[in-house]
Amino acid sequence: MSKLTLISHHLCPYVQRAAIALLEKDVPFQRINIDLANKPDWFLKISPLGKVPLLRIEAEDGGEAVLFESSVICEYLEETQAGAALHPADPLTRARHRGWMEFGSSVLSDLWGYETAQDELQLDAKRKALTAKFATLEGALGDGPYFAGSSFSLVDAVFAPVFRYFDLFDTLGDSGIFDGLERTQRWRKALSERASVRDAVGADYPQRLMEFLEKRSSILLRQAAAA
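What counts and what doesn't
Residues numbered from 1 in each chain as written. Predicted model: local features only at pLDDT ≥ 70, side-chain atom pairs only at ≥ 80, totals over all residues. Heavy atoms only, no water. Helix = DSSP H or I, 4+ residues; strand = E, 2+ residues; numbered from the N terminus. Rg over C-alpha atoms; globule rule 2.2 N^0.38 Å. Buried < 20%, exposed > 50% of the residue type's maximum accessible area, 1.4 Å probe, protein only. Contact = heavy atoms within 4.5 Å. Areas by Shrake-Rupley, 256 points an atom, 1.4 Å probe, with all protein chains shown as cover. Lys, Arg positive; Asp, Glu negative; His and termini not counted. Charge placed at Lys NZ, Arg CZ, Asp CG, Glu CD. Axes fitted to C-alpha atoms, helices over the stretch in contact; angles between N-to-C directions. Parallel < 35°, antiparallel > 145°, perpendicular 65-115°, else oblique. Nonpolar A, V, L, I, M, F, W, Y, C, P; charged D, E, K, R; others polar. Pairing = 2+ DSSP bridges. Salt bridge = Lys/Arg side-chain N within 4 Å of Asp/Glu carboxyl O. Bend = angle between axes of the 7 residues up to and from the residue. Disulfide = S-S within 2.5 Å. Right-handed = clockwise from strand over helix to strand, strands pointing away.

Asker: Can you help me understand the overall build of the protein chain in this one?
Answerer: A tally of regular secondary structure across the protein chain gives 10 helices and four strands. Written out in order from the N terminus, the α and β elements of the protein chain read β-α-β-α-β-β-α-α-α-α-α-α-α-α. Expected size for 227 residues packed as a compact globule is a radius of gyration near 17 Å; at 18 Å, the protein chain falls within 12% of this value. Looking at the protein chain residue by residue over its 227 residues, the buried ones come to 45%. When contacts within the protein chain are restricted to residue pairs at least 6 apart in sequence, long-range pairs at least 24 apart make up 68% of them. About 11,300 Å² of surface is accessible on the protein chain, with carbon and sulfur atoms providing 52% of the total. On the protein chain, the mean spot of the 26 positive side-chain charges and the mean spot of the 32 negative ones are 2 Å from each other.

See the structure below:
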């Protein structure tokens, strides 16, 4: 059996995708968190893009390979590891799922702008963008509890870290982003209760996210303080 090591960062949502997939597959792995503001030399030597996650694969014969990009890592785990299937068997449905995984990455891009916004104009623009994307997502959801019904999939692994941000953001004020999106809200709740989702981050995740917002002088914090 290959030894797997996930090169990680405490907050990175893309790392969380890979961690959730590993936990869902019940695959033993080691996790190494690095400081992205002070990347170690060994990391830069094996990371073509200088980003996390990386999955280091050490074979029994001593050989080693490194995968980068969260979607690639998740697909590799699905193809090589036992455990519950995280992709649909039907090729067309599987392709659609991959499309929604990419949609999840576009949501994360808007989410980055939302959490790092410096003024109300920026914040409002990103709030509107997020509201529109979640409304689109609402139309793709069924009765749940997960994206594909009763089966947990890689689409769920992609969106669980997205929703996790709002667990903290909701304590700072009501964004209204999920208003009227009943299916999305049920999905969010179901994902938050999943063991793999909970265990994909450390207990100090909320504190670290708050420190990140403070360091970025996020208007979310300034608005909360003024309320």
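After presenting the structure, the write-up continues.
Asker: What is the right way to read the packing of helix 1 (residues 13-24) against helix 3 (residues 70-80) from this model?
Answerer: Relative placement of two packed helices is described by the angle separating their axes and the distance separating the axes. In contact at an axis separation of 9 Å, helix 1 and helix 3 are set at 5 degrees when each is read in the N-to-C sense. When the axes of helix 1 and helix 3 are compared, the pair comes out roughly parallel. Note on element contacts: helix 3 touches helix 1 through S70, I73, C74 and L77, opposite Y14, R17, A18, A21 and L22. Among the residues forming the contact of helix 1 with helix 3, the class breakdown is seven nonpolar, one polar and one charged.

Asker: I tried to follow the sheet that holds strand 1 (residues 3-8) on my own but got confused; where do I start?
Answerer: Strand order in the open sheet made by the four strands is 2-1-3-4, with mixed pairing throughout. Each having just a single partner strand, strand 2 (30-33) and strand 4 (64-68) make up the two edges of the open sheet. Neighbour to neighbour, the strand axes of the sheet diverge by 20 degrees on average, direction disregarded. Both strand 1 and strand 3 (residues 54-58) contribute to a ladder of five bridges, which runs antiparallel. Considered in strand 3, the bridge of T5 is made with R56. Contacting strand 1 and strand 2, helix 1 runs over the sheet at an angle of about 155 degrees to strand 1.

Asker: Please explain the pattern of salt bridges as it appears in this structure.
Answerer: Opposite charge on two side chains permits them to pair, given that their charged atoms come into close proximity. Evaluated as defined, the whole model comprises 11 salt bridges. Its salt-bridge partner being K25, residue E78 comes within 2.9 Å of it at the nearest N-O pair. With E78 in helix 3 and K25 in the loop between helix 1 and strand 2, the pair connects residues that are 53 residues apart, well separated along the chain. Judged by relative accessible area, which is 6%, K25 ranks as buried. Note that K133 and D110 form a salt bridge whose closest N and O atoms lie 2.7 Å from each other. Pair noted here: K133 is in helix 5 (residues 120-140) and D110 is in helix 4 (residues 91-115), with a separation of 23 residues, a long-range link. A relative accessible area of 22% means that K133 is categorised as partly exposed. D110 sits in the buried class, given a relative accessible area of 9%. The structure contains a network of salt bridges with shared partners spanning D110, K126 and K133.

Asker: Quick question: what am I supposed to make of helix 6 (residues 154-172) here?
Answerer: For an α-helix the count is 3.6 residues per turn, leaving residues at separations of three or four pointing the same way. The largest bend along helix 6 measures about 25 degrees and falls at A160, with the proline P161 one to four residues further on. Here helix 6 lies mainly inside the structure; 16 of its 19 residues are buried.

Asker: Where do I start with the state of the cysteines in this structure?
Answerer: Here a disulfide denotes one covalent bond, and it connects the sulfur atoms of two cysteines. Tallying each qualifying case throughout the model produces zero disulfides. Not part of a disulfide, C12 finds its nearest cysteine sulfur in C74, a span of 11 Å. Overall, the relative accessible area of 11% leaves C12 in the buried class.

Asker: What should I look at first to understand the pairing of strand 2 in this one?
Answerer: Along any regular strand the residues' side chains alternate between the sheet's two faces. Sheet analysis places strand 1 next to strand 2, joined by four bridges and oriented parallel. By the bridge assignment, S8 is partnered in strand 2 with N33. For the segment spanning strand 1, helix 1 and strand 2, crossover handedness is right-handed.

Read these as layout, nothing more, since geometry by itself doesn't imply function.
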